[in-house]
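One letter stands for each residue in the lines below.
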Amino acid sequence: MEQGMRNLNTLFKRALFKLSPRIAERLNIDFRLRVPNRVFLEESVFGYLNELAAESDHDIKTLFVGIDKHNWHYPRLLLCQFHSLDIESRKAVYGPPDRHWTGSATRMADHYGPNAFDVVVANGLLGFGINSAPDFRRLITQCERVLKPGGLLVLGYNDRPDRAPFPVLPVVSEFFELFVPPIAGVDHHLHRVDDAFQHVFVFLRKPRALASDRSQLSRYAV
């Protein structure tokens, strides 16, 4: 009986969303995944991003790479200016009007340009579209390009050989500084979530100056 009611509730929410996503949004309908890694993202990571937004003197522009019904409610949880992209055109209905782009994450800098965002969140892409080492390197270089100096990259993935059968940390370390955010329970740049997916989040910051620039500046350091 209880399962039947849940199924009816899900069918109702889907029908209402199909009728009008904006009405569904006003009624605070969501299709969230209630698994530990999503709870950590939506509560702990978003809490940190909201603290940044509250303390900032400008809108924190945040790009979510990949959108569907399960993260459609994210703009309601964030104080940031929310942007999204997805390669599938049918997913555009889940993105915010005028702030969603249909295109490839491995070419997003062509659309957004350099130094466009304060935060990029790329969660659940490895093994679900980003399936090879060359594609992963392209993703990371694109994230580096669209982030502002000092910007934050949150990279989430299932740390299993069937999803990420290529080196991750050595590649991201070429372009980003490893970063430990002030989030309760997080004491390392790589945070493991206790779930069956072996999901991890890696926190990275774009350097404020290129390595060559830093070496030049170091000559003048007192």
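Residues numbered from 1 in each chain as written. Predicted model: local features only at pLDDT ≥ 70, side-chain atom pairs only at ≥ 80, totals over all residues. Heavy atoms only, no water.

- The name that an unreviewed UniProt entry assigns to the protein is Methyltransferase domain-containing protein, with the source organism given as Achromobacter spanius.

### Topic: the confidence of the model for the protein
Link 1 in the chain: Confidence in the prediction for the protein averages 88 pLDDT; 82% of positions are at 70 or higher.
Link 2 in the chain: Low pLDDT, under 50, characterises residues 211-222; the predicted model gives this stretch 3 contacts beyond four residues in sequence or across chains. (pLDDT = per-residue confidence, 0-100. Contact = heavy atoms within 4.5 Å.)

### Some thoughts on the pattern of salt bridges
When charged atoms on two side chains of opposite charge get close, those side chains can pair.
Link 1 in the chain: Taken as a whole and assessed by the stated rule, the structure comprises 9 salt bridges.
Link 2 in the chain: For R90, the salt bridge is made with E88, and the minimal N-O distance between the two is 2.8 Å.
Link 3 in the chain: For R90, a relative accessible area of 59% puts it in the exposed group.
Link 4 in the chain: Across the pair R160 and D162 runs a salt bridge whose closest N-O atoms are separated by 2.6 Å.
Link 5 in the chain: Here D162 falls in the partly exposed class, since its relative accessible area comes to 46%. (Salt bridge = Lys/Arg side-chain N within 4 Å of Asp/Glu carboxyl O. Buried < 20%, exposed > 50% of the residue type's maximum accessible area, 1.4 Å probe, protein only.)

### Section: the nonpolar core
Link 1 in the chain: In terms of nonpolar packing, the biggest core is built from 34 residues, with M108, L126, F136 and L155 touching the most fellow members.
Link 2 in the chain: Looking at this core element by element, the count peaks at 5 residues for helix 6 (residues 133-146). (Core = buried A, V, L, I, M, F, W, Y, C linked by side-chain atoms within 4.5 Å. Helix = DSSP H or I, 4+ residues; strand = E, 2+ residues; numbered from the N terminus.)

### A few points about helix 6
Link 1 in the chain: For helix 6, which comprises 14 residues, the first-to-last C-alpha distance of 20 Å matches the rise-based estimate of 20 Å (1.5 Å per residue) to within 8%.
Link 2 in the chain: Residues F136, L139, I140, Q142, C143, E144 and V146 constitute the buried set of helix 6.
Link 3 in the chain: Of the surrounding elements, those touching the buried residues of helix 6 are helix 5 (108-112), strand 4 (117-123), strand 5 (147-158) and helix 7 (169-175). (Expected span 1.5 Å × (residues − 1).)

### A look at the packing of aromatic side chains
Link 1 in the chain: If you walk through the whole model with that rule in mind, you get 8 aromatic pairs.
Link 2 in the chain: Here the aromatic rings of F40 and F201 are separated by 5.3 Å at their centres, their planes lie at 45°, and the arrangement is tilted. Of the two residues, F40 is situated in helix 3 (residues 36-55) and F201 in strand 8 (residues 199-205); the sequence distance between them amounts to 161 residues. F201 shares its class with F40; the two are buried.
Link 3 in the chain: Among the aromatic side chains, those forming a connected cluster through ring pairs are F46, F64, Y74 and F82.
Link 4 in the chain: Here the basic side chain of R76 rests over the ring of W72, its NZ or CZ set 4.5 Å away from the ring centre.
Link 5 in the chain: The positively charged end of R205 is found above the aromatic ring belonging to F179, 4.1 Å away from the centroid. (Phe/Tyr/Trp six-rings, centres within 6.5 Å; stacked < 30°, edge-to-face > 60°. Lys NZ or Arg CZ within 6 Å of the ring centre and 35° of its normal.)

### Quick look at the environment of L85
Link 1 in the chain: Tracing the backbone shows L85 in strand 2 (residues 81-86).
Link 2 in the chain: On the basis of relative accessible area, L85 is assigned to the buried category, the value being 2%.
Link 3 in the chain: The spatial distance from the C-alpha of L85 to the C-alpha of I67 is 6.7 Å, given a sequence separation of 18 residues.

### Remarks on the environment of F175
Link 1 in the chain: Mapped onto the secondary structure, F175 falls in helix 7.
Link 2 in the chain: Residues F175 and K206, 31 residues apart in the sequence, show an inter-C-alpha distance of 7.1 Å.
Link 3 in the chain: Excluding residues that lie within four positions of it along the chain, F175 makes contacts with R137, I140, T141, E144 and P207.

### Examining unusual backbone geometry
Link 1 in the chain: One non-glycine residue, D98, lies in positive phi territory at about 70°.
Link 2 in the chain: Note on D98: relative accessible area 82%, which makes it exposed.

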